[in-house]
Amino acid sequence: MRIVIAGGGLGGLTCARVLHAHGVDAVVCERDASRDARVQGGTLDLTVSEGQWALREAGLEAGYREIARPEGQDMVLYDSAGTLLRQEVAPDEGPQRWGRPEADRPALRKLLLDALPEETVRWGRAVTRAEPLGDGRHRVHLSGGETLECDFLIGADGGRSRIRPLLTDAEPAYCGVHGVGLVIHDADRAHPAASALVGRGSFSALGDHQTISAQRNGDGTIRVNLALRCAEDWPETSGIPFADPDRARAALKERYAGWPAEFLALVDAASGPVEVYPLTALPIGLRWDHTPGVTLIGDAAHLMSPFAGQGANLAMRDGAELALALAQGGEVRKFELAMFERAEPAARMSADNLELFLSDGAAEKVRHLFAKMSGEED
């Protein structure tokens, strides 16, 4: 059986690695020109039952332990006036230390790539479309004009999947929020105050309809993310010159006027490009009728906002479970039904959290929620 995986993200690579561990080869078609073509994002916390489980099935648990940072679970949460709402400190030992440790996405991707034969990934080969040939087989069209034929096609190609139209006409919709990504380089030495504010893990602050968050990475950088509730065309109508990073950062700080100076210093400490992007999501509970020879995993199947922290975990669990079904003669439809059931509550949590954290009076609502969870309020 020839298997083609569209997309070389964590879900697609996990699927390829678990297949390889069971003696089944697959071809991964990835749009990036090489494994080092671009920075692959920030840090991820993998849960025991999803991301970590997938790496165990891939035979990579020991390698994961070497790159994971349990101390990255530390977190502080403030309101926009500088009042501490919640603080969590990762335990130094015991099973909870490995509950949701952080690991940098580039390190996770390298771990998976290093465990695959070099010829598995076809770099610089974006899937542009696919067409059914009958009997479950498909022809995959790649950038540059090349085509591949396969017995099973896996869409692991993200929110703008070119494989999804084979199964459903659903498309991602705007969530009403834009994110802005910034990077602080050499944080400990060059920006000690920002480094101390973030600590070993993450910092977040909530205001009305906007947030600031920052997270430490293992490479010495701190990734800063702003989230703002706004119209879909906000990047064009805001007047912020995003192509001019220095002026863009100054304009963004004006959107946070009145917030504590030490919070806004995270924006001042950043350097390099300013990334702005809309948050989009597929319909909660998306399902499709089974079609022989093709399925979707990860964001291609259940794209959601990052406010549940489950995207990578779900993608890796999807990839591992599908690989096991294919390698061991299981039913792909059974896998799909399990994936639907797993993804729906995570997508609902993501949508609910986005509405909560970007709402009017968000900090006060979160304060009451924490008090209720701790039994301080009925």
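Bear in mind that the values here come from a model prediction, so they are computed numbers and not experimental data. (Residues numbered from 1 in each chain as written. Predicted model: local features only at pLDDT ≥ 70, side-chain atom pairs only at ≥ 80, totals over all residues. Heavy atoms only, no water.)

Colleague: Account for the sheet that holds strand 9 (residues 137-142), naming residues and giving values.
Modeller: With antiparallel pairing, the 3 strands of this open sheet are ordered in space as 8-9-10. Strand pairing shows two members of the sheet lacking a second neighbour, strand 8 (127-134) and strand 10 (147-150), which therefore form its edges. Each adjacent strand pair in this sheet contributes to an overall mean axis angle of 20°, direction not counted. Note: strand 9 against strand 10, 4 bridges, orientation antiparallel. (Pairing = 2+ DSSP bridges. Helix = DSSP H or I, 4+ residues; strand = E, 2+ residues; numbered from the N terminus. Axes fitted to C-alpha atoms, helices over the stretch in contact; angles between N-to-C directions.)

Colleague: Pulling in residues and values, what's your account of empty space enclosed by the protein?
Modeller: Remark: the empty space left among the atoms is shown by a probe the size of a water molecule rolled over them. Evaluated as defined, the whole model comprises 1 cavity of 30 Å³ or more. Size it by volume and the largest cavity reaches roughly 80 Å³. Surrounding the largest cavity, 13 residues form its lining, Gly285, Leu286, Ala301, His302 and Ala343 being those nearest its centre. If you list the elements that add at least two residues to the lining of the largest cavity, you get helix 10 (299-302) and helix 12 (332-357). The residue makeup of the lining of the largest cavity, split by class, is 10 nonpolar, 2 polar and 1 charged. (1 Å grid on protein atoms, 1.4 Å probe; cavity = no way out; pocket = protein on both sides within 12 Å on 5 of 7 lines; lining within 4 Å. Points joined across faces, edges and corners; volume = space filled by probe spheres on them. Nonpolar A, V, L, I, M, F, W, Y, C, P; charged D, E, K, R; others polar.)

Colleague: Describe the layout of surface pockets, and please don't skip the residues or the numbers.
Modeller: Here the second largest pocket is characterised by a volume of approximately 180 Å³. Every residue lining the second largest pocket is counted, 15 residues in all, and those nearest its centre are Cys175, Ala281, Leu282, Ile284 and Ala351. Listed by contribution, the elements that provide at least two residues to the lining of the second largest pocket are strand 12 (173-184) and helix 12. In the lining of the second largest pocket, the residues fall into 12 nonpolar, 2 polar and 1 charged.

Colleague: Go over the sheet that holds strand 7 (residues 121-123) with me, naming the residues and quoting the values.
Modeller: The strands that make up a sheet pair up through hydrogen bonds in the backbone, lying either parallel or antiparallel. Taken in spatial order, the 5 strands make up an open sheet running 7-2-1-11-17, and their pairing is parallel. Across the chains shown, the open sheet's two edge strands, defined by having one partner strand only, are strand 7 and strand 17 (294-296). Across the sheet, the axes of successive neighbouring strands diverge by a mean angle of 20°, strand direction being ignored. When strand 1 (residues 3-6) meets strand 2 (residues 27-30), the two strands line up parallel, connected through 3 bridges. Across the sheet, the residue bridging to isoleucine 5 is valine 28, located in strand 2. Its contacts with the sheet place helix 12 against strand 11 (152-155) and strand 17, and it is angled at close to 15° to strand 17. (Contact = heavy atoms within 4.5 Å.)

Colleague: Report on the packing of aromatic side chains, specifying residues and quantitative values.
Modeller: Counting across every chain of the model gives 7 aromatic pairs. On the basis of an interplanar angle of 65° and a centroid distance of 5.6 Å, the ring pair of tryptophan 234 and phenylalanine 242 is categorised as edge-to-face. Phenylalanine 242 matches tryptophan 234 in its accessibility class, with the two residues each being buried. Linked through ring pairs, Tyr78, Phe203 and Phe263 together constitute an aromatic cluster. If you follow arginine 65 out to its NZ or CZ, it ends over the ring of tryptophan 98, 4.0 Å from the centre. The ring of phenylalanine 370 has arginine 86 lying over it, and the distance from NZ or CZ to the ring centre is 4.5 Å. (Phe/Tyr/Trp six-rings, centres within 6.5 Å; stacked < 30°, edge-to-face > 60°. Buried < 20%, exposed > 50% of the residue type's maximum accessible area, 1.4 Å probe, protein only. Lys NZ or Arg CZ within 6 Å of the ring centre and 35° of its normal.)

Colleague: For the packing of helix 11 (residues 311-327) against helix 12, give the residues involved together with the corresponding values.
Modeller: The N-to-C vectors of helix 11 and helix 12 enclose an angle of 165°; their axes lie 10 Å apart at closest approach. Between helix 11 and helix 12, the interaxial angle falls into the category roughly antiparallel. Pair helix 11 / helix 12 crosses with right-handed handedness. The segment helix 11 lies against helix 12, with Leu314, Arg317, Asp318, Glu321, Leu322 and Leu326 engaging Val332, Phe335, Ala338, Met339, Arg342, Ala343 and Ala346. Among the residues making up the contact of helix 11 with helix 12, the classes are represented as 9 nonpolar, no polar and 4 charged. (Parallel < 35°, antiparallel > 145°, perpendicular 65-115°, else oblique. Left-handed = near helix turned anticlockwise from the far one by under 90°.)

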